[in-house]
Amino acid sequence: MPIDWQAIGVVATFLAVAVSLYLGLGIRKKLLITVSLIEGPFGEFKVTVTVTNVGNTPIAITNYGFKVMHDGKPGILDIAKEYSKSKPLPLVVKAGCIELIQFELNETTPDKNAQEAIFRFKKGKFVIQDSTGNYYPRI
């Protein structure tokens with residue numbers, strides 16, 4: 001029985017197209033987060049969080065703050081929100097785009113939340129939560 005090479009070629013081409021569509025159309029959600037801190041001479045403390053969406057789908061940020069554990073489950077302590085100078089939440093970061101979240105605090109104030117936020121920014125435990133409940137830590 002002769003081999004039908006044309007039929008084998010058609011099947012192979014179909015499989016190649018199917019695999020490339022599967023790999024190309026998959027949804028990838030990934031944020032890269034960097035935090036830069038600037039301390040002024042009079043206790044000023046400015047923080048810029050750069051959020052880069054390196055995935056291929058928009059991501060809606062619904063919460064941000066500092067990583068904490070509650071009964072063994074991750075959570076967010078959002079004491080820094082009141083010091084934000086950026087757009088209100090939810091914040092949508094389109095695929096391939098960058099958003100900045102900026103904070104202004106003062107280390108010399110008696111405000112305990114501000115002092116706690118500065119301490120936690122320095123420790124590097126800032127995280128972002130998206131609308132599906134995923135957490136993205138600082139890198």
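Above this note sits the structure.
Residues numbered from 1 in each chain as written. Predicted model: local features only at pLDDT ≥ 70, side-chain atom pairs only at ≥ 80, totals over all residues. Heavy atoms only, no water.

Engineer: Can you lay out the packing of aromatic side chains for me, pointing to particular residues and giving the numbers?
Structural biologist: In this structure the tally under the stated criterion is seven aromatic pairs. Here Phe-103 and Phe-121 contribute two aromatic rings whose centre-to-centre distance is 5.2 Å and whose plane-to-plane angle is 55°, an arrangement assigned as tilted. A residue pair is termed long-range when its members are at least 10 positions apart, and Phe-103 in strand β6 (residues 98-106) and Phe-121 in helix α2 (residues 112-123) qualify at 18 residues. Given the relative accessible area of 1%, Phe-121 is considered buried. Arranged with centres 6.0 Å apart and planes meeting at 70°, the rings of Phe-103 and Phe-126 form a pair that is edge-to-face. Separated by 23 residues along the polypeptide, Phe-103 in strand β6 and Phe-126 in strand β7 (residues 126-130) bring together distant segments of the chain. The same class applies to Phe-103 as to Phe-126, namely buried. In textbook terms, an aromatic cluster arises when at least three aromatic residues are bridged by ring pairs, as seen for Tyr-64, Phe-66, Phe-103, Phe-121 and Phe-126. (Phe/Tyr/Trp six-rings, centres within 6.5 Å; stacked < 30°, edge-to-face > 60°. Helix = DSSP H or I, 4+ residues; strand = E, 2+ residues; numbered from the N terminus. Buried < 20%, exposed > 50% of the residue type's maximum accessible area, 1.4 Å probe, protein only.)

Engineer: Hey, could you go over a nonpolar patch on the surface for me, with residue numbers and the actual values?
Structural biologist: Among the surface-exposed residues, Ile-3, Trp-5 and Ile-8 lie close enough to one another that they form a single nonpolar patch of about 360 Å² accessible area. If you trace the backbone, Trp-5 turns up in helix α1 (residues 5-25). Given a relative accessible area of 60%, Trp-5 falls into the exposed group. (Patch = residues over 30% accessible without salt bridge, like charges linked within 9 Å, V, L, I, M, F, W, Y side chains within 5 Å. Areas by Shrake-Rupley, 256 points an atom, 1.4 Å probe, with all protein chains shown as cover. Salt bridge = Lys/Arg side-chain N within 4 Å of Asp/Glu carboxyl O.)

Engineer: Give a detailed account of the nonpolar core, specifying residues and quantitative values.
Structural biologist: Within the largest apolar cluster, 26 residues are counted, with the highest numbers of intra-cluster contacts made by Val-49, Phe-103, Leu-105, Phe-121, Phe-126 and Ile-128. Looking at this core, the elements that each hand over two or more residues are β1 (31-39), β2 (44-53), β3 (59-70), β5 (91-93), β6, α2 and β7. (Core = buried A, V, L, I, M, F, W, Y, C linked by side-chain atoms within 4.5 Å.)

Engineer: How would you summarise the sheet that holds β6 if you had to cite specific residues and measurements?
Structural biologist: Strands belonging to one sheet form pairs held by backbone hydrogen bonds; the direction of such a pair is parallel or antiparallel. Reading across the sheet, the three strands line up as β1-β2-β6 and stay open at both edges, with antiparallel pairing between neighbours. Unpaired on one side and paired on the other, β1 and β6 mark the two borders of the sheet. For this sheet, the mean inter-axis angle between neighbouring strands, taken without regard to orientation, is 15°. With nine bridges connecting them, β1 and β2 associate as antiparallel partners. When the bridges of β2 are listed, Val-35 appears paired with Val-49. (Pairing = 2+ DSSP bridges. Axes fitted to C-alpha atoms, helices over the stretch in contact; angles between N-to-C directions.)

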